[in-house]
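# Structure at a glance
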Amino acid sequence: MVRKRSWRMTFFVFLLIIVALGVVVPAFAPLPSLSSDSFSRFHYKHKSEKKTEDAQKFEIADDMFWKDRMPFQIIGGDLHYFRVLPEYWEDRLLRAKALGLNTIQTYVPWNLHEPIPRKLVFDGNADLETFLKLCKKLDFLVMLRVGPYICGEWDLGGFPAWLLAIEPALRLRSSDPTFLSLVERWWGDLLPKVAPLLYNNGGPIVMVQIENEYGSYGDDSSYLHHLAMLARRHLGDEVILYTTDGGTRATLEKGTISGDSVYSAVDFSTGEDPWPIFKLQKEFNLPRNSPPLCSEFYTGWLTHWGEKNAKVDAEFTASALRKILSKKGSAVLYMAHGGTNFGFYNGANTGSNESDYKPDLTSYDYDAPIKESGDVDNAKFKALRKVISEFTTAPLPSVPSNNMKAGYGDIKLHNTAFLLDILNFIDPTVVVQSERPVSMEILGQMFGFLLYVSEYAAKGNGSVLSVPKVHDRAQVFILCPSEDNGERPKYVGLIERWSNRAIDLPYLKCVAKISLYILVENMGRVNYGPYMYDRKGILSSVRLDGSILYNWKMLSIPFHNFNEAQRFNPIIQAANSAFIEIFDRKYPKDNLENISKEPAFFSGHFIIDKINNVKDTFISLKGWGKGVAFVNDFNIGRYWPSFGPQCNLYVPAPVLRQGENLVVILELESPHPELVISSVDHPDFSCGSRSSSLHQL
């Protein structure tokens, strides 16, 4: 009994931590030999520095890359430090080395490093300098993609969401003066950290990318030239700056930074004939300064919720890579290792309009040769390694075995607290009131959920509720507050961004006005295309029977995100005894059907008896609806097995510990009838109907 009580108190403390963030935070809160004709090289020097002849150099000349005056073929791969726990960075890099790669390419997401204005984060999962030094230690070169826009299936394409709270609205990815001033400030923080790690300074960085695939987005050449100027100011003249654009004339014309000695690289679909594209690439580089480089050679593809998990044939991929390497072209595998969108950082895409919304999975496995959990014993790794070995002079390192994984069995979830019950314990001063609903970003909230509360007078035949613009998914509840009979808020419907429809509100006999609750989930901001200005929450008037509904209260429920420090909310801490009373109750199974649509917390634990039994695992949520999962206070991401295809969430061993491990999930709509989840030793992408497929090769 004592142990049981202790565990419940542990759960309570954990629940406070993840719920406590509901308080509103302040808003601003072997190749040919070298030609003797070397005059055409990119060879830049700092005006204030003198370089010795034996200094490290990485250059372009004679349509080739040159490393320390020797011809060099880039055989690289994208591996994003922010999608892998730091404890596993070396493990994943060693697997990339065994694949035969000599170069690592990675993005730098602005939003990870400056989550709120002027609060810079360069430690933990955001310790970029340590990652780059590790690449150097393992003898990798680095191609660094500093943005400020990165795309990458990452929330808002790497832009911090607080940019969306600025009024008047910024024009992202443009020469908007306010936007550029913020980019200048950000790069003023970032690039001085990067400069000592440039190759000519003894570090691993040989190339720095400006923007990303801009030719597919806009044609503001002033913006691109300004970025190049900023980069040169901080990094000097010797580093190779580059752009990446799709391999068409239209995209290269808009995305190339001509006249500023910026090298133009290309990307294209796997299986396309690369050499006509490389020929086109030459037209957008200086004469004899266009080594053929596919800077995103796709080993797989992304997957959205509701789609079939993307797969690309191993031999097909390997054959396409051989076509590039066999003629001395260079390529960077996108991805070499995908990793995981931990927390709330997944991005999203849109189709023909902004309502055609497609959020990305928590898993970013990408069907890459190094799988999400680091596995390399697969057909794609073997096929690509075989091809790469044909174009390297030194033997490749031996292939490491897969990391051990464990299934710790079924985990019974025992206790619950209803999310809407937090309203009973919130100090009114942390609730924002407004005549009309406002967005998350205006409230200073970047991720998670936002609860909107209003009230209306009952009508005998019920009412019709419409919310024309919701980003992204809203659950609607009603309650008669004057009836003190233990009734829970009644779920009445769902409004989704991609299938918006009006909801019939049933008649409730109530002497007072009826309370209306709309819980909106931010499912990830659009990271690509024309609809990137993607504020979250209710973005329109709310209408009841055709008339605008006024007088709203708004409560932020952001939870903690990946790489975010935990914070306690003293207001909620003061409600300890009441919350203990709530979650000490067993979930009322006899009334499960009536309240299963109300968001609730469930928790359980599992034991790892020995330290050497702490291994990677996956949490299977088959039979559950939709929600967010936490393990030992770490946000492992979103789950949605009812929609699919991802059933299991990856839990790296560093998240776990010997002894008791606590799992808490916020289930939004339909808990498993047996209130059980499982720890298993494998991924699973077999859930849901998977009625569509974005990109299959």
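In this report, we go over the structure that sits alongside the text.

About the cut-offs
- Residues numbered from 1 in each chain as written.
- Predicted model: local features only at pLDDT ≥ 70, side-chain atom pairs only at ≥ 80, totals over all residues.
- Heavy atoms only, no water.
- Pairing = 2+ DSSP bridges.
- Helix = DSSP H or I, 4+ residues; strand = E, 2+ residues; numbered from the N terminus.
- Axes fitted to C-alpha atoms, helices over the stretch in contact; angles between N-to-C directions.
- Core = buried A, V, L, I, M, F, W, Y, C linked by side-chain atoms within 4.5 Å.
- Buried < 20%, exposed > 50% of the residue type's maximum accessible area, 1.4 Å probe, protein only.
- Contact = heavy atoms within 4.5 Å.
- Phe/Tyr/Trp six-rings, centres within 6.5 Å; stacked < 30°, edge-to-face > 60°.
- Polar contact = N/O pair within 3.5 Å; in protein donor to acceptor, adjacent residues only side chain to side chain.
- Disulfide = S-S within 2.5 Å.
- Arc of directions from axis to C-beta.

## A short note on the sheet that holds strand 29 (residues 617-620)
The 4 strands lie next to each other as 14-34-29-32, forming an open sheet whose pairing is antiparallel. Every interior strand has two partners, whereas the edge strands, strand 14 (409-412) and strand 32 (648-651), have only one. Across the sheet, the mean angle from the axis of one strand to that of its neighbour is 30 degrees, orientation sign disregarded. In terms of strand pairing, strand 14 meets strand 34 (residues 676-680) through 4 bridges, oriented antiparallel. Among the inter-strand pairings, K412 is bridged to a residue of strand 34, identified as V676.

## Structural notes on the nonpolar core
Counting 174 residues, the largest nonpolar core has W187 and L190 as its most contacted members. Apart from the residues lying within four places of it in its own chain, the contact partners of W187 are V146, G147, P148, P192, I210, L227, L230, A231 and H234. Judged by nonpolar contacts, the second largest core, of 27 residues, contains Y456, C510, V542 and L544.

## Focus on the packing of aromatic side chains
Within the structure shown, the criterion is met by 40 aromatic pairs. Between F122 and W186, the aromatic rings sit 6.2 Å apart at their centres with planes inclined by 15 degrees, giving stacked as the arrangement. Of this pair, F122 sits in the loop between helix 3 (110-113) and helix 4 (128-137) while W186 is found in helix 5 (residues 177-194), placing the two residues 64 residues apart along the sequence. The same class applies to F122 as to W186, namely buried. Plain terms: the ring middles of Y298 and Y334 are 6.2 Å apart, the flat faces sit at 75 degrees to each other, and that makes the pair edge-to-face. With Y298 in strand 10 (residues 293-298) and Y334 in strand 11 (residues 330-337), this residue pair connects regions lying 36 residues apart in the sequence. A connected cluster of aromatic rings, assembled from ring pairs, spans W110, F122, Y149, F159, W162, F179, W186, Y214, Y217 and Y223.

## Thoughts on the side chain of R638
Along the chain, the position of R638 falls in strand 31 (residues 634-639). Taking the relative accessible area as the measure of exposure, R638 reaches 4% and is therefore buried. Polar contacts involving the side chain of R638 include one to the side chain of N346, which spans 2.7 Å. Only 3.3 Å separates the side chain of R638 from the side chain of E521, close enough to count as a polar contact. Sequence-distant contacts of R638, defined by excluding residues within four places in its chain, comprise W305, G343, F344, N346, T362, E521, N522, M523, G524, G627, V628 and L649.

## Observations concerning the state of the cysteines
This model, assessed by the stated rule, comprises 2 disulfides. Across the disulfide, C480 is cross-linked to C510 (sulfur-sulfur distance 2.0 Å). What sets the handedness of the C480 and C510 disulfide is the S-S torsion sign, and at about 85 degrees it is right-handed. Of this pair, C480 sits in the loop between strand 20 (473-479) and strand 21 (490-496) while C510 sits in the loop between strand 22 (503-505) and strand 23 (514-521), placing them 30 residues apart in sequence. For C480, a relative accessible area of 9% gives the class buried. Looking at C510, the relative accessible area reads 15%, which means it is buried. Through a disulfide, C647 is tied to C687; the S-S separation comes to 2.1 Å.

## Details of the environment of L252
Relative to the helices and strands, L252 resides in helix 7 (residues 249-255). Judged by relative accessible area, which is 0%, L252 ranks as buried. Counting along the chain gives 38 residues from L252 to Y214, while the straight-line C-alpha distance between them is 8.8 Å. Filtering out sequence-adjacent residues up to four positions away, L252 remains in contact with D245, G246, S264, A265, V266, L280 and F284.

## Some thoughts on the pairing of strand 32
By the alternation rule, side chains of strand 32 split into N648 and Y650 and L649 and V651, which are all buried. The sheet contact formed by strand 29 and strand 32 spans 4 bridges and is antiparallel. Each bridged residue has a counterpart across the sheet, and for F618 the counterpart in strand 32 is Y650.

## Brief notes about the sheet that holds strand 26 (residues 547-548)
Strand pairs in the sheet, formed through backbone hydrogen bonds, run parallel or antiparallel to each other. In space, the 4 strands of this open sheet follow the order 22-18-25-26, with antiparallel pairing throughout. The open sheet has two edge strands with one neighbour each: strand 22 and strand 26. Both strand 18 (residues 463-466) and strand 22 contribute to a ladder of 3 bridges, which runs antiparallel. Residue pairing for strand 22: S463 is matched across the bridge by L505.

## Thoughts on unusual backbone geometry
The omega torsion across H471 and D472 is 20 degrees, close enough to zero to call that bond cis. Mapped onto the fold, D472 is located in the loop between strand 19 (470-471) and strand 20. For E211, which is not glycine, the phi dihedral falls at a positive 55 degrees. Summarising the element assignment, E211 is placed in the loop between strand 7 (205-209) and helix 6 (221-235). Given the relative accessible area of 1%, E211 is considered buried. At L675, a residue that is not glycine, the phi angle is positive and equals roughly 50 degrees. Considering the arrangement of structural elements, one finds L675 in the loop between strand 33 (659-667) and strand 34.

## Some words on helix 2 (residues 89-99)
Within helix 2, 9 of the 11 residues are buried, leaving the element largely enclosed by the surrounding structure. Along helix 2, the residues classified as buried are W89, D91, R92, L93, R95, A96, K97, A98 and L99. Looking at the buried side of helix 2, the elements it contacts are strand 4 (75-79), strand 5 (103-107), helix 4, strand 11, helix 10 (379-389) and strand 32.

## Observations concerning helix 4
Within the span of helix 4, buried status applies to L128, F131, L132, L134 and C135. Seen from one end, helix 4 has its buried residues packed into an arc of 155 degrees, which puts them on one side. What points out from helix 4, more than 90 degrees from its buried face, is the exposed set K133 and K137. D139 occupies a position one or two residues after helix 4 and carries a positive phi of about 65 degrees.

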